[in-house]
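Tertiary structure, described
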Amino acid sequence: DYIVQKLKREPNELELYLFSAMYSEHCGYKHSRLLLQNLNREGGVFCSENAGGIEIGDYTVVFKIESHNHPSAVEPFNGAATGIGGIIRDILAMNARPVALMNSLKFGLLQNPLDKRLLDGVVAGISHYGNCIGVPTIGGEVEFSERYASQPLVNVMAVGFAKSKDIKTSKATVGQKLLLLGSKTGVDGLGGAAFASKELDDDGQNRLSVQIADPFMKKRLIEATLEIFRLEGVEACQDCGAAGILSSTSEMGYKSHTGVDLYLDKVHSVKGIKPYEIMLSETQERMVFALFEDALGGVFEIAKKYDLQASVIGETTTSGDYNLYWDDELLASVPCDVLAQPPFYELKTLPDEAFEGYGKQTFSKDKAIEMISDPNFASKKYIFEQYDSTVQGRCIIPPNGANAAALWLKEADCVLGFSIDSRPFDVEKNSYQGTFDTVVESYKNLVAAGFEPRAISNCLNFGNPEKPKVADSFVKAVKGMNDALLAFDMPVVSGNVSFYNEYKDGKIFPTPTIAMLGVAKDYKKLKRGYFKEGETLALVGDLGFCADVEKIISLKKFISQKQIKACLNLSRGGIWGTLFRGGYRSGVGFCAQIASLDAFYNYPNCFLVSVKNTSVLNAVQHKILGEATSSESITFDGIEFDKKSLFELYESSIENMMAF
């Protein structure tokens, strides 16, 4: 009815296929756009493009996090690999060279053979693709819960940079040619956007909606695309991601206020493919360029150099319509603005439920050891050792080396810091506060490592938004995120929403994931994420139980001092867990006494620091906990642990669980 009203006629069959993709949740953002348009963007650049970012001197750094949850649940290797491929293309479309990857992964419990298979497949897909294209995976997070059983979350982030004057957008002008570069269009990934916009089922047809990854083709596509952008007359670019050629060209027409004429018989494709299949295919490793005719010769030369196929498939027009032709026969004609704007729905909230406060846990030797071996705390070495973090020579903090990843951007004479965080268990209890605290955690992780936080990207993973409780949780999570951004005076520059993460009557935890970018001008001022023998260990900051943004910000200058040798944000495992990580990373033990404090609580306004001279601590509220030692034991609140056995348990826990 909505489509008929807009078109003032009945759509034909091919046009209905177009609407089925563009009006899907994945492409249309029907249940979220009204909320997301109110997020704070001030301070960001290119926030409405394929990837937004910030300016640093003459350069722009762009970054974005997206989900590939449904495909990874059905076909974990290709689902995760094509997730990497897609987010790389978003960066590439801006004329930015991809320089780093991160991820946030959620799985069911490792006692379940299916969830073990999903973990291995996803990690293999990420590592295979990233390693093959030569882009380092520099960090991430992994969590396990029965709420993610059979429904993993695979959120992947990519980072790129370019001189600000060289950044390209998706906006074309009238009279330009549209050129498709890359793989032959096939039927893989057919209808993937619609597939990602519904609850999962056991239908074997779902596998046909999963794209096939080709990282070696992507490497050639990356280099060819960056070379093409150097040609005079190449104006705009879109990657062929969700809904493939359809979304890339129709969105270009909508953003550019032009029409688009496409000649589907000109698309290089597999033999026998039908018009609707060309439009809905999500074949990977394809880019669409808008360029003037004089640039075509240079593009074809570059395509030949990299052994890539290129086809002129259409042009931009003054009509404002999206027209599809085959052998000069008009098959479909729809206004670009109608195709790009589905009906939007306003989500309702429910009355706030009483929030159960945090209950203090008693520390014991058994609880401490149990936490060390829990996959949610234990070392993720089994996973990150499969990723190459050293390629390109930019990563200066190894994975798990500190609270944040660090990437050297020598071109802009600075270091970029990245933190990627989620707190699904807290968001489940209170969507607003849990999401607010997720932003706080990312902020603190960057501050602890010595960075000035500058901007975020987000990936909002929820269940079915047509269900009142999910809708309520989403609305409150978005408000919590935005209120935190306003408090920190920080923009959201890009993001993604993934709804319908439900399978067999089970739904995931509401999981907003925050990826935050920070900047440090001097790598020598970065803070260690580990202790050295003889250093005094102390908590600094207010010991309250509610995050106070002003108090957290006030500690930044103190932490930046040279006398602060190491700094860690209190995160999973609280005081005990943070002390343990700081010792494990350097192989030292520690002796600590916390008195009335809660060993397992991560006090939101505090940081854990190490110093040589304790007099520096007098400038702030603090509590000295103890000292890093060379002892073969760890002593915590009078309880002694064997250091070697704890370290071995922490390091081998996940690997041992995956072996059975």
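In this report, the structure presented in the accompanying data block is examined. Just so it is clear, the model here is predicted, and its values are computed rather than measured. (Residues numbered from 1 in each chain as written. Predicted model: local features only at pLDDT ≥ 70, side-chain atom pairs only at ≥ 80, totals over all residues. Heavy atoms only, no water.)

Of the regular secondary structure elements, the protein chain holds 22 helices and 27 strands. Relative to the globule expectation of 26 Å for 660 residues, the C-alpha radius of gyration of the protein chain, 25 Å, shows essentially globular dimensions. When the backbone C-alpha atoms are referred to their principal axes, the protein chain occupies close to 85 × 50 × 45 Å. When the 660 residues of the protein chain are sorted by exposure, 62% land in the buried category. Within the protein chain, contacts between residues at least 6 apart in sequence are counted, and of these 85% link residues at least 24 apart. When the accessible surface of the protein chain is split by element, carbon and sulfur atoms take 49% of a total near 25,100 Å². (Helix = DSSP H or I, 4+ residues; strand = E, 2+ residues; numbered from the N terminus. Rg over C-alpha atoms; globule rule 2.2 N^0.38 Å. Buried < 20%, exposed > 50% of the residue type's maximum accessible area, 1.4 Å probe, protein only. Contact = heavy atoms within 4.5 Å. Areas by Shrake-Rupley, 256 points an atom, 1.4 Å probe, with all protein chains shown as cover.)

So, on to helix H14 (residues 365–373). Among the residues of H14, Ala368, Met371 and Ile372 are the ones counted as buried. Considered in projection along H14, the buried side chains sweep an arc of 100° and stay on one side of the axis. Facing away from the buried side of H14 by more than 90 degrees, the exposed set consists of Asp366 and Glu370. Of the surrounding secondary structure, the elements contacted by the buried residues of H14 are helix H21 (574–584), strand E27 (639–642) and helix H22 (643–658). (Arc of directions from axis to C-beta.)

This next bit is on the side chain of asparagine 464. Looking at where asparagine 464 falls in the secondary structure, it is placed in the loop between strand E16 (452–461) and helix H18 (468–488). A polar contact is formed between the side chain of asparagine 464 and the backbone nitrogen of glutamate 466, at a distance of 2.9 Å. (Polar contact = N/O pair within 3.5 Å; in protein donor to acceptor, adjacent residues only side chain to side chain.)

Moving on, we come to the sheet that holds strand E5 (residues 153–163). Judged by pairing direction, the sheet is mixed, and its five strands sit side by side in the order E1-E2-E5-E3-E4 without closing on themselves. Looking at strand neighbours, the two that pair on one side only are strand E1 (52–56) and strand E4 (137–144), the edges of this open sheet. Sheet twist, expressed as the average angle between the axes of neighbouring strands with direction ignored, equals 15°. Note that strand E3 (residues 97–107) and E4 share seven bridges and pair parallel. Bridge assignment links serine 104 to a residue of E4, and that residue is glutamate 141. Contacting E3, E4 and E5, helix H7 (residues 113–133) crosses the sheet at an angle of about 180° to E3. (Pairing = 2+ DSSP bridges. Axes fitted to C-alpha atoms, helices over the stretch in contact; angles between N-to-C directions.)

The subject of this paragraph is the environment of arginine 585. Note that arginine 585 resides in the loop between H21 and strand E23 (589–592). Sequence spacing of arginine 585 and alanine 402 is 183 residues, and the spatial spacing of their C-alpha atoms is 8.6 Å. Setting aside residues up to four positions removed in sequence, arginine 585 forms contacts with Asn400, Gly401, Ala402, Asn403, Gly529, Tyr530 and Leu568. Within polar-contact distance, the side chain of arginine 585 engages the backbone oxygen of asparagine 400 at 2.8 Å.

This paragraph deals with the packing of helix H6 (residues 76–92) against helix H9 (residues 215–228). Closest axis-to-axis distance for the H6/H9 pair is 11 Å, and the angle between their directions is 5°. Regarding the angle of H6 to H9, the classification is roughly parallel. Contacts between H6 and H9 involve Gly85, Ile88, Arg89 and Leu92 from the former and Lys218, Leu221, Ile222, Thr225 and Leu226 from the latter. Residues that form the contact of H6 with H9 fall into these classes: five nonpolar, two polar and two charged. (Parallel < 35°, antiparallel > 145°, perpendicular 65-115°, else oblique. Nonpolar A, V, L, I, M, F, W, Y, C, P; charged D, E, K, R; others polar.)

As a further point, take the nonpolar core. If you look at the biggest cluster of nonpolar residues, it comprises 57 residues, and the most contacted ones within it are Leu105, Leu181 and Phe289. Phenylalanine 289 has contacts with Lys177, Leu178, Leu179, Leu181, Thr225, Ile228, Phe229, Val234, Ala236 and Cys237, leaving out every residue within four places of it along the chain. (Core = buried A, V, L, I, M, F, W, Y, C linked by side-chain atoms within 4.5 Å.)

Our next topic: the sheet that holds strand E17 (residues 492–498). A sheet is described by the order of its strands in space; here six strands give the open sequence E13-E14-E15-E20-E16-E17, paired in mixed fashion. Both outer strands of the open sheet, strand E13 (395–397) and E17, are each paired with one neighbouring strand and no more. For this sheet the average axis-to-axis angle between neighbouring strands, irrespective of direction, equals 25°. Bridge count between strand E15 (residues 414–421) and strand E20 (residues 511–520): seven bridges; the pairing is antiparallel. Its bridge partner being in E20, phenylalanine 418 is matched across the sheet by leucine 517. Sheet strands in contact with helix H17 (residues 431–449) are E15, E16 and E20, and its direction is about 25° off that of E20.

This part covers the pairing of strand E21 (residues 536–541). A regular strand carries its side chains on alternate faces of the sheet. Counting buried positions along E21 yields six of six residues, so the element is predominantly enclosed. By the bridge criterion, six bridges tie E21 to strand E24 (residues 606–611) in an arrangement that is antiparallel. In the strand pairing of E24, alanine 538 is matched with valine 609. Of the strand pairs in this sheet, E21 and strand E25 (residues 622–629) are connected by five bridges, and their pairing is antiparallel. Bridging across to E25, leucine 539 finds its partner in lysine 623.

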